[in-house]
Amino acid sequence: MTPHKLDTSVRAIREWLARSVKSLGNHSDRLNAINVFPVADGDTGSNLYLTARAGHDAISKLESDDIGGFLEVAARASMESARGNSGTLLAVFLSGLSEPWSGHERLTAPLLALGLERAKVRSWSALSEPVEGTMLSVINAISLAAGSTLAHLKTDPDSRAALDAVLTQMTQAAQLAVRGTESELPSLIKAGVVDAGAVGMLIIIDELCAAIRSESTDFESYDDFHGYRLQDPHIHLTEETESGVEVMCTVSLDALGAAMLRGQLDSIGNSVIMSPVNQLEEDTYRWRVHVHVPEAEPALELIKKHGDPVNISVTDLCTNNE
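Keep in mind the model is a prediction, meaning the values are calculated, not measured.

Enquirer: I'm lost on the overall build of the protein chain in this one. Help?
Expert: Counting its secondary structure elements, the protein chain contains 11 helices and four strands. Against the 2.2 N^0.38 benchmark of 20 Å for 322 residues, the protein chain shows a C-alpha radius of gyration of 19 Å, consistent with a compact globule. Counting over 322 residues, the protein chain shows a buried share of 55%. For the protein chain, the share of sequence-separated contacts (at least 6 apart) that also reach a separation of at least 24 residues comes to 75%. Element-wise, carbon and sulfur atoms account for 50% of the exposed surface of the protein chain, whose accessible area totals about 13,600 Å². Looking at charge distribution, the protein chain has the averaged site of its 25 positive side-chain charges lying 5 Å from that of its 45 negative ones.

Have a look at this one:
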């Protein structure tokens with residue numbers, strides 16, 4: 001028998017998004033302080049918060065019984081307003097999570113596992129060069145934990161006890177994945193910190209589990225993460241920063257055009273992320289594009305050869321180092 005009273009309806013998804021916005025806001029300074037990968041620009045916390053808030057704002061007055069359709073609205077708004085690498089990956093994660101949930105009114109352990117697997121695939125495929133030791137490690141860990149727990153259950157997979165068991169394993173796996181990030185990337189090893197984006201994803205997962213269980217969230221264990229205590233300095237200020245700009249936009253492309261654009265952006269920049277926002281025609285999607293380049297114009301010119309970009313933002317990669 002599960003010790004928790006679980007809420008598996010749209011109400012829990014709404015509560016999750018609201019909690020995530022609040023907690024990301026509360027933790028944004030600490031996340032910014034340890035943001036050293038992929039660029040030490042001290043904005044991971046702010047980017048996650050602003051992206052999550054855009055998603056929450058989109059569903060603030062939305063009424064629906066469809067957990068997948070409800071989350072899809074938030075995911076799409078997050079994608080359109082995504083900030084930075086971390087915000088873009090958060091939006092991709094939400095979008096992937098929503099897909100298998102579409103048409104369902106209640107969340108079950110199998111549905112959660114399906115959503116996490118889809119979110120993992122979407123997140124890893126969105127990047128041209130996915131890297132371990134980041135948000136991706138947490139997403140991978142929770143997906144594997146959910147699938148493994150489901151495979152070894154000795155109770156009805158659709159029961160609340162099964163869902164509770166999956167939630168427990170997810171949170172444990174996410175914690176371990178965050179702790180592992182500090183030994184996976186040279187920049188994190190040098191700085192002696194865990195990955196900021198990974199901690200941000202942990203916050204989101206902890207809030208999901210807490211919202212479903214109708215419990216408060218305990219963040220005390222976060223103080224044990226290297227570099228995360230309040231008295232620790234803003235480590236990103238001591239790290240070398242990448243020169244150049246971050247370019248983001250939305251553009252309508254077919255599959256071939258998207259593949260060609262991704263390859264061309266890879267040749268002139270890095271941190272390339274491309275993910276579909278929504279389908280327009282049979283083979284045409286609106287894509288959210290993200291890239292780090294020395295100068296904005298060459299990237300924008302490439303994009304304009306394939307389509308008409310909108311929601312363009314250009315941010316100096318060093319503007320947050322003060």
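From this point on, the discussion continues.
Enquirer: Just checking my understanding: could you explain the environment of Val314 for this structure?
Expert: Locating Val314 in the fold gives a position in strand E4 (residues 310-316). Residue class for Val314 comes out partly exposed when judged on its relative accessible area of 42%.

Enquirer: What's the story with the sheet that holds strand E1 (residues 245-254) in this structure? I'm lost.
Expert: To summarise the sheet geometry, strands pair through backbone hydrogen bonds and adopt either a parallel or an antiparallel arrangement. Ordered in space as E2-E3-E1-E4, the four strands form an open sheet in which the pairing is antiparallel. Every interior strand has two partners, whereas the edge strands, strand E2 (270-281) and E4, have only one. With strand direction ignored, the average angle separating the axes of adjacent strands in the sheet is 20 degrees.

Enquirer: I'm lost on the packing of helix H4 (residues 84-101) against helix H5 (residues 109-126) in this one. Help?
Expert: Helix packing for two helices is described by the angle between their axes and how far apart those axes are. Where H4 meets H5, the axes come as close as 7 Å, and the angle between the chain directions of the two elements is 140 degrees. Considered as vectors, H4 and H5 are oriented oblique to each other. The handedness of the crossing between H4 and H5 is right-handed. Note on element contacts: H5 touches H4 through Leu111, Leu112, Leu114, Gly115, Leu116, Arg118, Ala119, Arg122, Ser123 and Ala126, opposite Leu89, Val92, Phe93, Ser95, Gly96, Leu97, Glu99, Pro100 and Trp101. Each residue belonging to the contact of H4 with H5 can be placed in one class, and the counts come to 12 nonpolar, four polar and three charged.

Enquirer: Just checking my understanding: could you explain the pattern of salt bridges for this structure?
Expert: Between side chains of opposite charge, pairing is possible as soon as their charged atoms come close. Counted under the stated rule, the structure contains nine salt bridges. Among the ionic pairs, Arg118 bridges to Glu99, the shortest N-O distance being 2.5 Å. Of this pair, Arg118 sits in helix H5 while Glu99 sits in helix H4, and the two are 19 residues apart along the sequence. Overall, Arg118 belongs to the partly exposed group, its relative accessible area being 33%. Lys120 is the salt-bridge partner of Glu117, the closest N and O atoms lying 3.2 Å from each other. Residue Glu117 and its partner Lys120 are located together in helix H5, separated by three residues, close to a single helical turn. Note on Glu117: relative accessible area 35%, which makes it partly exposed. One salt-bridge network, held together by shared partners, links Glu15, Arg19 and Glu207.

Enquirer: Help me understand the environment of Thr149 in this model?
Expert: Here Thr149 lies in helix H6 (residues 135-151). As for Thr149 and Ala113, which are separated by 36 residues in sequence, their C-alpha atoms are 9.2 Å apart. When neighbours within four sequence positions are excluded, Thr149 is seen to be in contact with Ala165, Val166 and Gln169. At a separation of 2.7 Å, a polar atom in the side chain of Thr149 contacts the main-chain carbonyl oxygen of Ala145.

Enquirer: How do you make sense of the side chain of Arg288 when you look at a structure like this?
Expert: Mapped onto the elements, Arg288 comes out in strand E3 (residues 284-293). Buried charged residue Arg288 carries no salt bridge. Nearest counter-charge: Glu80, at 4.8 Å. Looking at Arg288, its side chain comes within polar contact range of the main-chain oxygen of Met79, at 3.2 Å. Setting aside residues up to four positions removed in sequence, Arg288 forms contacts with Met79, Glu80, Ala82, Met248, Cys249, Thr250, Ile273, Met274, Ser275, Val277, Val310 and Asn311.

Enquirer: Just to check I follow, could you spell out H5 for this structure?
Expert: The α-helix advances 3.6 residues per turn, and as a result positions three or four apart in sequence lie on the same side. Taking 1.5 Å of rise per residue, 18 residues should cover 26 Å, and H5 covers 26 Å from first to last C-alpha, within 8% of that figure. Tucked into the core, H5 has its buried residues touching helix H3 (67-80), H4, H6, helix H7 (160-181), helix H10 (255-268) and E2.

Enquirer: Looking at this structure, I do not really get a negative patch on the surface. What am I missing?
Expert: The grouping of Asp218, Glu220, Asp223 and Asp224 at the surface amounts to a negative patch. Positionally, Asp218 belongs in the loop between helix H9 (196-213) and E1.

Enquirer: What is the right way to read the packing of H4 against H6 from this model?
Expert: For the pair H4 and H6, interaxial distance at closest approach is 11 Å and the crossing angle is 20 degrees. Classified by the angle between their axes, H4 and H6 sit roughly parallel to one another. The crossing of H4 and H6 is right-handed. Packed against H4, whose contacting residues are Ser86, Leu89, Leu90 and Phe93, the element H6 presents Met135, Leu136, Ile139 and Ile142 at the interface.

Enquirer: Would you explain the nonpolar core in this entry?
Expert: If you look at soluble globular proteins, the nonpolar side chains tend to sit buried side by side. In this structure, Trp16, Phe93, Trp101, Leu112, Met170 and Val199 are the most contacted members of the largest nonpolar core, which totals 76 residues. The greatest single-element share of this core, amounting to 12 residues, is contributed by H9. Not counting the four nearest positions on each side in its chain, Phe93 is found in contact with Leu116, Ala119, Ser123, Ile139, Ile142, Met201 and Ile205.

Cut-off values and rules
Residues numbered from 1 in each chain as written. Predicted model: local features only at pLDDT ≥ 70, side-chain atom pairs only at ≥ 80, totals over all residues. Heavy atoms only, no water. Helix = DSSP H or I, 4+ residues; strand = E, 2+ residues; numbered from the N terminus. Rg over C-alpha atoms; globule rule 2.2 N^0.38 Å. Buried < 20%, exposed > 50% of the residue type's maximum accessible area, 1.4 Å probe, protein only. Contact = heavy atoms within 4.5 Å. Areas by Shrake-Rupley, 256 points an atom, 1.4 Å probe, with all protein chains shown as cover. Lys, Arg positive; Asp, Glu negative; His and termini not counted. Charge placed at Lys NZ, Arg CZ, Asp CG, Glu CD. Pairing = 2+ DSSP bridges. Axes fitted to C-alpha atoms, helices over the stretch in contact; angles between N-to-C directions. Parallel < 35°, antiparallel > 145°, perpendicular 65-115°, else oblique. Left-handed = near helix turned anticlockwise from the far one by under 90°. Nonpolar A, V, L, I, M, F, W, Y, C, P; charged D, E, K, R; others polar. Salt bridge = Lys/Arg side-chain N within 4 Å of Asp/Glu carboxyl O. Polar contact = N/O pair within 3.5 Å; in protein donor to acceptor, adjacent residues only side chain to side chain. Expected span 1.5 Å × (residues − 1). Patch = residues over 30% accessible without salt bridge, like charges linked within 9 Å, V, L, I, M, F, W, Y side chains within 5 Å. Core = buried A, V, L, I, M, F, W, Y, C linked by side-chain atoms within 4.5 Å.

Purely geometric numbers; function is a separate question.
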